[in-house]
Amino acid sequence: MTNKIRWGILGPGKISRSFAIGLLEAEGAEIVAVGSRDRRRAAAFAGEFGVRNAYGSYEEMLADPAVDAVYIGTPHAFHHDQTLLCLRAGKHVLCEKALALNADQAARMIAAARETGLVLMEAMWTRFLPAMVRVRELVATGAIGEVRSVTADFGFRAKFDPASRLFDPALGGGALLDIGIYPLNLAFMICGEPVAIQTQANLGATGVDEESVTLLRHEDGRLSALSCSFRADTPREAHIQGTEGRITICCPWWKATRIIVQPREGKPDTMDLPARGGGYSHEAAAFMDLIRSGVPESDVMPLDESLAIMRTMDEIRARWGMKYPGE
Ligand SMILES: NC(=O)c1ccc[n+]([C@@H]2O[C@H](COP(=O)([O-])OP(=O)(O)OC[C@H]3O[C@@H](n4cnc5c(N)ncnc54)[C@H](OP(=O)(O)O)[C@@H]3O)[C@@H](O)[C@H]2O)c1
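Cut-offs and rules
Residues numbered from 1 in each chain as written. Predicted model: local features only at pLDDT ≥ 70, side-chain atom pairs only at ≥ 80, totals over all residues. Heavy atoms only, no water. Pairing = 2+ DSSP bridges. Helix = DSSP H or I, 4+ residues; strand = E, 2+ residues; numbered from the N terminus. Salt bridge = Lys/Arg side-chain N within 4 Å of Asp/Glu carboxyl O. Buried < 20%, exposed > 50% of the residue type's maximum accessible area, 1.4 Å probe, protein only. Phe/Tyr/Trp six-rings, centres within 6.5 Å; stacked < 30°, edge-to-face > 60°. Disulfide = S-S within 2.5 Å. 1 Å grid on protein atoms, 1.4 Å probe; cavity = no way out; pocket = protein on both sides within 12 Å on 5 of 7 lines; lining within 4 Å. Points joined across faces, edges and corners; volume = space filled by probe spheres on them. Nonpolar A, V, L, I, M, F, W, Y, C, P; charged D, E, K, R; others polar. Axes fitted to C-alpha atoms, helices over the stretch in contact; angles between N-to-C directions. Contact = heavy atoms within 4.5 Å. Near = heavy atom within 4 Å. Polar contact = N/O pair within 3.5 Å; in protein donor to acceptor, adjacent residues only side chain to side chain. Areas by Shrake-Rupley, 256 points an atom, 1.4 Å probe, with all protein chains shown as cover. Sits in = over half its atoms within 2 Å of the grid points.

J.: What exactly am I supposed to notice about the pairing of strand β9 (residues 209-217) here?
T.: The sheet contact formed by strand β8 (residues 196-203) and β9 spans eight bridges and is antiparallel. Directly across from A196, in β9, lies its bridge partner R217. Between β8 and β9, which pair antiparallel and follow one another directly, the connecting turn spans five residues, one of which, G207, has a positive phi of 90°. As paired strands, β9 and strand β10 (residues 223-229) are joined by seven bridges and run antiparallel to one another. Within the sheet, the bridge partner assigned to E211 lies in β10 and is S229.

J.: Is there a simple way to explain the pattern of salt bridges in this structure?
T.: Two side chains carrying opposite charge are able to pair once their charged atoms lie near each other. The full count for this structure, using the stated rule, is 23 salt bridges. We note a salt bridge from D272 to R258, for which the minimum N-O separation is 2.7 Å. A residue pair is termed long-range when its members are at least 10 positions apart, and D272 in strand β14 (residues 269-272) and R258 in strand β13 (residues 258-263) qualify at 14 residues. Here D272 falls in the partly exposed class, since its relative accessible area comes to 47%. Ionic contacts of the salt-bridge type, sharing partners, join the residues D38, R40 and R41 into one network.

J.: For this particular structure, what's the right way to read the packing of aromatic side chains?
T.: In the structure shown here, the tally under the stated rule is twelve aromatic pairs. A connected cluster of aromatic rings, assembled from ring pairs, spans W125, F154, Y182, W253, W254 and Y280.

J.: How should the state of the cysteines be read in this particular structure?
T.: Working definition of a disulfide: a covalent bond connecting the sulfur atoms of two cysteines. For the structure shown, the criterion picks out zero disulfides. For the unlinked cysteine C95, the closest cysteine sulfur is that of C86, found at 8.5 Å. You can call C95 buried: its relative accessible area is 0%.

J.: Which parts of the structure should I look at to understand empty space enclosed by the protein?
T.: By rolling a water-sized probe across the atoms, one finds the places where empty space is left. Summed over the entire model, instances satisfying the criterion amount to two cavities of 30 Å³ or more. Every residue lining the largest cavity is listed: L176, G180, P183, L184, S212, T214, L226, S227, C228 and I316. The set of elements that each furnish at least two residues to the lining of the largest cavity consists of α7 (175-191), β9 and β10. At four residues, the largest contribution of residues to the lining of the largest cavity is made by α7. Here the lining of the largest cavity is composed, by residue class, of six nonpolar, four polar and no charged. Computed from the structure, the second largest cavity encloses a volume of approximately 40 Å³. Lining of the second largest cavity is provided by M124, T126, R127, M132, Y182, N185, L186, M189 and W253. If you tally residues by element for the lining of the second largest cavity, the top one is α7, at four residues. For the lining of the second largest cavity, the class distribution of residues is six nonpolar, two polar and one charged.

J.: What's the story with the sheet that holds strand β7 (residues 147-155) in this structure? I'm lost.
T.: Across a sheet, strands are paired by hydrogen bonds formed along the backbone, either parallel or antiparallel in direction. Taking strand neighbours across the sheet as the criterion, the eight strands line up as β8-β9-β10-β7-β11-β12-β13-β14 in an open arrangement whose pairing is mixed. For this open sheet the edge positions go to β8 and β14, each flanked by a neighbour on one side alone. Adjacent strand axes in the sheet meet at a mean angle of 10°, parallel and antiparallel pairs treated alike. Pairing analysis gives five bridges linking strand β12 (residues 245-249) to β13, with the strands arranged antiparallel. Residue I247 lies in a different strand from β13, and its bridge partner there is V261. The strands touched by α7 within the sheet are β7, β9, β10, β11 (238-242) and β12, with β7 carrying the most contacts at an inclination of about 165°.

J.: What is the right way to read the site of the ligand from this model?
T.: In the vicinity of the ligand lie 23 residues, with S36, R37, R41, Y58 and Y280 positioned nearest. Y58 places a polar side-chain atom, nitrogen or oxygen, 2.4 Å from an oxygen atom of the ligand. Between a nitrogen atom of the ligand and a side-chain N or O atom of E96, the distance comes to 3.3 Å. For the ligand, whose free accessible area comes to 910 Å², the fraction covered by protein is 83%. Assessed atom by atom at 2 Å from the grid points, the ligand resides in the largest pocket. Tallied by class, residues from the shell around the ligand come to nine nonpolar, seven polar and seven charged.

Below you can see the structure in the form of structure tokens.
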């Protein structure tokens, strides 16, 4: 394999466009192919990004030997089957969040990746932002003392459309998998896997969660208070509270470029940490580094943690009595 990583884009929709812009700003990346169920959609994407090969099916794209790695940018319900398809074709996979619909699916995807030795990573881009790298460093070096709690929200008012991927259960709709996964991911990053869960949600007309609040207890009694909503705009800030101070991750925190460290005593320290490529270059660069160095799993977004997050979301949905078709 050359030093340049040659990408195929599977599902040229909204996020694939944003990711492609980020990818082209990351060093050593080339988009060589795009696959869509609709050849015209693939051709339009190829025209927009100067991609050589546009395919009218995913299978055709995966048969292209020029493709080293595939970015999957489709709704949640398809991540499992499409990841297995890519791995069987010998391609590394960067799969959009949520990694799957549920933990069973995620476990099968991870097992398949481990069998092949190919790289699989959940595209949780937020973890790779320079601002988040700094947050982890600050927490690890005790800048705010012992962490006691995390509060985070992600909410916006979405136009109700029962056919859209946000609301259609057959596409893996619901706020938790789409946006609630960000606050949950932050809680995992700072406090680890929860040991106890309390949660409340309002399900909507299509049967998926449209807003929820979740409280988690972690080891050593650390707490997180997390919320997400398709019904209302929320402050979109995250806070990490410690015994010696707190960190604010400024709005919108999941694509943070500014954090404020407020010690218990003394002045706040505001840090500006710009991101490249709309925020998507950093995860792409980290993923390509894994391929180049022959390391199949990220230690920034580990597969075991993606799986534990899926398990927690399964448990949260179980408390609400919410199932996806086929579960
Ligand atoms: N990282 C981020 O910042 C971010 C932001 C938004 C969304 N996301 C994630 O990205 C993924 C896709 O979101 P999106 O908003 O980009 O989706 P989208 O534009 O609605 O769809 C993307 C592609 O998925 C396929 N698709 C859509 N609806 C389908 C259906 N009913 N049946 C089969 N395939 C379908 C299509 O591929 P074809 O062209 O092949 O038909 C489409 O081009 C989700 O996992 C979401 O959580 C991430």
